[in-house]
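An overview of the molecular structure
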Amino acid sequence: MKKQQSEMDAKLKALNFRLKRCDEVLGNEDRAAINRHCESITTIVSTISILKGSIEEAKFAQSESDESIEQWSTEIENQIALADKCMQKLADFVKTIDQRAKEPSIRTAIDCLPFTDEGYTRAFKYLEDKYGHPSEVAGSYVVSLLELPTISERDVSKIHRFYEQLLFNIESLETLGKLDSIEGTTYYVLRKLEIIKAELVTHVKTDWRDWTFKDLLESLKKWTETNLVPKVHKRDKFGKDPYSQSPGGQAFGSRNHEIKCVYCESTDHRAKTCDKVLTPLERKKILAKKRLCFNCASGQHHANSCKSKISCQLCEERHHTSICESKNPDETNNGTSFTASINKTSVIHPVVLR
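For clarity, every value in this text was computed on a predicted model and none was experimentally measured. (Residues numbered from 1 in each chain as written. Predicted model: local features only at pLDDT ≥ 70, side-chain atom pairs only at ≥ 80, totals over all residues. Heavy atoms only, no water.)

1. A word on the overall build of the protein chain
- In terms of regular secondary structure, the protein chain is built from twelve helices and zero strands.
- The linear arrangement of helices and strands in the protein chain, starting from the amino end, is α-α-α-α-α-α-α-α-α-α-α-α.
- Buried positions account for 40% of the 354 residues belonging to the protein chain.
- The contacts in the protein chain between residues at least 6 apart in sequence include a share of 66% that link residues at least 24 apart.
- When the accessible area of the protein chain is evaluated, it comes to approximately 20,500 Å², of which 50% is carbon and sulfur surface. (Helix = DSSP H or I, 4+ residues; strand = E, 2+ residues; numbered from the N terminus. Buried < 20%, exposed > 50% of the residue type's maximum accessible area, 1.4 Å probe, protein only. Contact = heavy atoms within 4.5 Å. Areas by Shrake-Rupley, 256 points an atom, 1.4 Å probe, with all protein chains shown as cover.)

Next comes the structure, spelled out in structure tokens:
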């Protein structure tokens, strides 16, 4: 325990040193430097948290009093709380910098690229030409990880959203080759899921204190597969559920489906014949902003993991026909729509037709 305590003291000194430099780092208004500072604090906090657990176990093994251990633990938690406040302050300032920026963010520009090897190559080339290295965009994903909300109640929907956001950021960092450098923050992110931690640790054989982000994602994925989001139907203006059945067993009503262009949200044409958003680049920006797949134009997943077997109708590559850079032939048949009435209320769904 003496060795662990010595390591803990060193980490606490390093943490205090970085916390004292927070205002100085913020004063320079260097986004990349702020991200690096935030990342270094997160790594130290993660290590301190792990050491804290090990030292507590050792203290109990040596029969130290509960009061003494609790007092020691509280002091450590207070240091971690100060670090959390500092990291939140850094993250908020990064948001302010982004809001002041007049040009499109690097991350948005890269998200507009196709999720292919060529797209990744172009992303790195873009970063190299403009900034010399990809740390800027990687930093934005790190900040997104730190800003993931703490789940304080067993809300299945919120946990599913947490998983989707975590997956998106981890896959992005892995693509940029930056994931290994932040593995020390896994424990910090896991703390945000304390409410279901006992369930998560049963899904992976590895000791949770040694988890990587891939271990966390694997465990969380299994949890979401076991705990599905309950389907909740919206009620109409009369307080009735349009999907519920009448006493006679017949459906109360059917839904009214209309085609809706994913780019301009018009209901009179398909996405690939949109006459308001014309260029593939503009369309890609909209898909990226909505976090939609570049291959099926729906669902929050990357094109390289899209399960749709349909490819572009023009060049047969793995992207949606509407964003193909080949010449898109005129198409006069925009499809049909059918309507049905539910208490004279129409329901419109965004549907992309190829």
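Now that the structure is up, let's keep going.
2. A look at helix α11 (residues 213-226)
- Compared with an ideal rise of 1.5 Å per residue, which puts 14 residues at 20 Å, α11 spans 20 Å between its outermost C-alpha atoms and is within 8% of the ideal.
- Within the sequence span of α11, burial applies to Phe213, Asp215, Leu216, Leu217, Ser219, Leu220, Trp223 and Thr224. (Expected span 1.5 Å × (residues − 1).)

3. Observations regarding the nonpolar core
- Of all hydrophobic cores here, the largest spans 55 residues; its most connected members are Ile41, Leu166, Phe213 and Leu220.
- Elements with a contribution of two residues or more to this core: α1 (2-20), α2 (22-28), α3 (31-61), α4 (66-100), α7 (135-146), α8 (156-175), α9 (186-190) and α11.
- In terms of residues, this core owes the most to one element, α4, which gives nine residues.
- Counting 13 residues, the second-largest nonpolar core is a separate cluster that includes Cys261, Cys274, Ala288 and Leu292. (Core = buried A, V, L, I, M, F, W, Y, C linked by side-chain atoms within 4.5 Å.)

4. Quick word on the packing of α8 against α11
- In the contact formed by α8 and α11, the axes pass within 10 Å of each other and the chain directions differ by 150°. As α8 packs across α11, the resulting crossing turns out to be left-handed. In this structure, α8 uses Val156, Ile159, His160, Phe162, Tyr163, Leu166, Leu167, Ile170 and Glu174 to contact α11, whose residues at the interface are Phe213, Lys214, Leu216, Leu217, Leu220, Lys221, Trp223 and Thr224.
- Its residues assigned to classes, the contact of α8 with α11 shows twelve nonpolar, two polar and three charged. (Axes fitted to C-alpha atoms, helices over the stretch in contact; angles between N-to-C directions. Left-handed = near helix turned anticlockwise from the far one by under 90°. Nonpolar A, V, L, I, M, F, W, Y, C, P; charged D, E, K, R; others polar.)

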